[in-house]
Amino acid sequence: MAQYVPFDENAEVSGQSILGFVNAIPVFREEMLQVLQKNGIDNLKPDEWYPMICNLNAYKEIGESYGANTLFAISKAIPEHAVFPSDIDDLEKALASIDVAYHMNHRNGDIGHYKLIKFSEVDKLATMECYNPYPSNFDRGIITTMVCKFKPPTVLRIDVEVDTSKPSRLDGADRCTFRIIW
């Protein structure tokens, strides 16, 4: 399956997680609420659950109207609003926690996953598989925020890129693989 197509029609997203979408770019808050309302999410409450398809349709509209860089900017704010495990204190745990947080903020049926495939402190390289219906730039933003927040203090530069040697949602696959270099 490609981007924006849920794996299960019963899948839901927490309102708390959706608030990241709304609050990511404060000057566009009202516009984001309108996009959500247009796509079936009205009167957003952090402790409620909403159909994943409505959330995905809102992301699709934003992506089509404002582009991939806007989706990237929005997703970088998600870790500040979504529920995450509290025991994260290093980069490897941070990357592994993305899947835990994803499951804390999504429920019902096949919602997909994030899988840390490789982590090498020595090589300063990690590989993350993102098997979910969100757009690739959404995943890149979440991963980027987690790497920036938990990278070693001596690291000045990071790169988070789609591994083009593997199938990608950008090409209609059901997953993307990211190379993370620090």
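Attention in this report is confined to the structure presented alongside it. (Residues numbered from 1 in each chain as written. Predicted model: local features only at pLDDT ≥ 70, side-chain atom pairs only at ≥ 80, totals over all residues. Heavy atoms only, no water.)

A few points about the side chain of N137
Phase 1 of the analysis: The topology assignment puts N137 in helix α6 (residues 136-150).
Phase 2 of the analysis: Ignoring sequence-local partners within four residues, the contact set of N137 consists of A68, L71, F72 and S75. (Helix = DSSP H or I, 4+ residues; strand = E, 2+ residues; numbered from the N terminus. Contact = heavy atoms within 4.5 Å.)

Concerning the packing of helix α5 (residues 91-105) against α6
Phase 1 of the analysis: Running from amino to carboxyl end, α5 crosses α6 at an angle of 155°, the nearest separation of the two axes being 9 Å. With respect to α6, the axis of α5 lies roughly antiparallel. You can see that α5 and α6 cross each other, and the crossing is right-handed. Note on element contacts: α6 touches α5 through I142, I143, M146, V147 and F150, opposite L91, A94, L95, S97 and I98. (Axes fitted to C-alpha atoms, helices over the stretch in contact; angles between N-to-C directions. Parallel < 35°, antiparallel > 145°, perpendicular 65-115°, else oblique. Left-handed = near helix turned anticlockwise from the far one by under 90°.)

A few points about the sheet that holds strand β3 (residues 106-107)
Phase 1 of the analysis: Taken in spatial order, the three strands make up an open sheet running β2-β1-β3, and their pairing is antiparallel. Two strands in the sheet have a free side with no partner beyond their single neighbour: β2 (49-51) and β3.
Phase 2 of the analysis: Where strand β1 (residues 12-14) and β3 come together, two bridges link them in antiparallel fashion. Opposite E12, over in β3, you have R107 as the bridge partner. (Pairing = 2+ DSSP bridges.)

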